[in-house]
Amino acid sequence: MALTRFKENNLKGWDWWWDWIEMSIRLADTSDKQNRVVETLDAIKTNGDEWSARHDVQSAQKCKLEIMSKQGTPKEQRKFMYDNVGNPDFRKKLLQMAWDEVNYDEVLRLAKEGVTHDTEWAGLVSEWHKWEYQVYCHIGDKDNTLRLARHFFFNGGRWGDREFSIENMYLKIKILVPLSQWSDYAETLISESVSKKDNGRLLFIYTQEKMWERFMEYFRKNPSAYNIDESPQEVKDLYSNEIIRLYSTSVRNFFQRASDRNSYREGVGLLRNLIKYGGKTEADKIIIEQKSRTPRRPALIDELSKL
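My aim in this report is to walk through the structure given alongside it, one point at a time. Here the structure is a predicted model, which is why all the values come from computation and not from measurement.

### As for a nonpolar patch on the surface
A contiguous nonpolar patch, built from Leu11, Trp14 and Trp16 and spanning about 370 Å² of accessible area, is present on the exposed surface. Here tryptophan 16 lies in the loop between helix H1 (2–7) and helix H2 (17–27).

Structure (structure tokens):
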């Protein structure tokens, strides 16, 4: 019944479709039944480069490997994975096997091959680069470790990926670059951040290197209350008067665009921050200006009165 439902494409387009095969594998307790499942899987062919077709073929390969674990030898299973190494799940298994066998050359070969094969899939490319990085760290190849640490500094930092976070990769880069060369190297990181318009990493570098004047240069070109709120305390302390001026301008601009109670409430929060930074005089002026706006805005006046 399960195989029939699968062949009839019952629930096709949903992961549930593959539940029929999972049932079949669990119930196939003889070689005859297992072969019937394999025949069904072998009938699945690619009919294009679409993601769904690719997914179906790779799912069929994984199911076939599951059956082989019951009736085939480890050597046969390994050969099957190598024959279908384009399947990322198989590549991951083979990479782990090569690593466990201390076959670092094979790990690098599989990883580099994966980068070339999956060039259109950024997540997979990152996965294969991580294996390369792991090998280079282990064998002490500083040049390639530095190259990939830099890659992950600009392309990593995904949530939950602590080892390859921006902070860890920056620290790794700094350890690998000789101290006498660090100043020039840091400038290349800054240049790349600017060229990529990656302001988050740009400000991160300024913070790590305590480049407070350059931090302020950025604020002067990009005056934003939210940027200032997120800036290091050292910047706020060193340039307090200018921070107050820039923040005041940003708050005024915010109120010019505000048009409902929620945005008025948000603007009041910005005024509280301005006062916290030492700009009470400027905040009082803005409050007077906003209360004097015409036509009157009762909701705005009500929110301002809560300060």
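### Thoughts on helix H6 (residues 88–100)
Along an α-helix, a turn takes 3.6 residues, which lines up residues three or four apart on a common side. If you check H6, its first and last C-alpha atoms are 18 Å apart, about what 13 residues at 1.5 Å a residue would give, namely 18 Å. If you follow the buried residues of H6, they end up packed against helix H4 (51–71), helix H5 (74–83), helix H7 (104–117) and helix H8 (122–139). The residue sitting at the N-terminus of H6 and contributing the capping side-chain oxygen is asparagine 87; that oxygen lies 3.0 Å from the backbone nitrogen of aspartate 89. Once H6 ends, the next one or two residues include valine 102, with phi positive near 60 degrees.

### Side note on the nonpolar core
Phe219 and Leu271 are the most contacted members of the largest nonpolar core, which has 73 residues in total. In terms of nonpolar packing, the next biggest core, distinct from the first, is built from 17 residues, Trp18, Ala28, Val37 and Ala60 among them.

### Topic: the side chain of aspartate 198
Along the chain, aspartate 198 turns up in the loop between helix H11 (179–195) and helix H12 (199–208). At 3.0 Å, the side chain of aspartate 198 forms a polar contact with the side chain of arginine 201.

Basis of the calculations
Residues numbered from 1 in each chain as written. Predicted model: local features only at pLDDT ≥ 70, side-chain atom pairs only at ≥ 80, totals over all residues. Heavy atoms only, no water. Patch = residues over 30% accessible without salt bridge, like charges linked within 9 Å, V, L, I, M, F, W, Y side chains within 5 Å. Areas by Shrake-Rupley, 256 points an atom, 1.4 Å probe, with all protein chains shown as cover. Salt bridge = Lys/Arg side-chain N within 4 Å of Asp/Glu carboxyl O. Helix = DSSP H or I, 4+ residues; strand = E, 2+ residues; numbered from the N terminus. Expected span 1.5 Å × (residues − 1). Contact = heavy atoms within 4.5 Å. Polar contact = N/O pair within 3.5 Å; in protein donor to acceptor, adjacent residues only side chain to side chain. Core = buried A, V, L, I, M, F, W, Y, C linked by side-chain atoms within 4.5 Å. Buried < 20%, exposed > 50% of the residue type's maximum accessible area, 1.4 Å probe, protein only.

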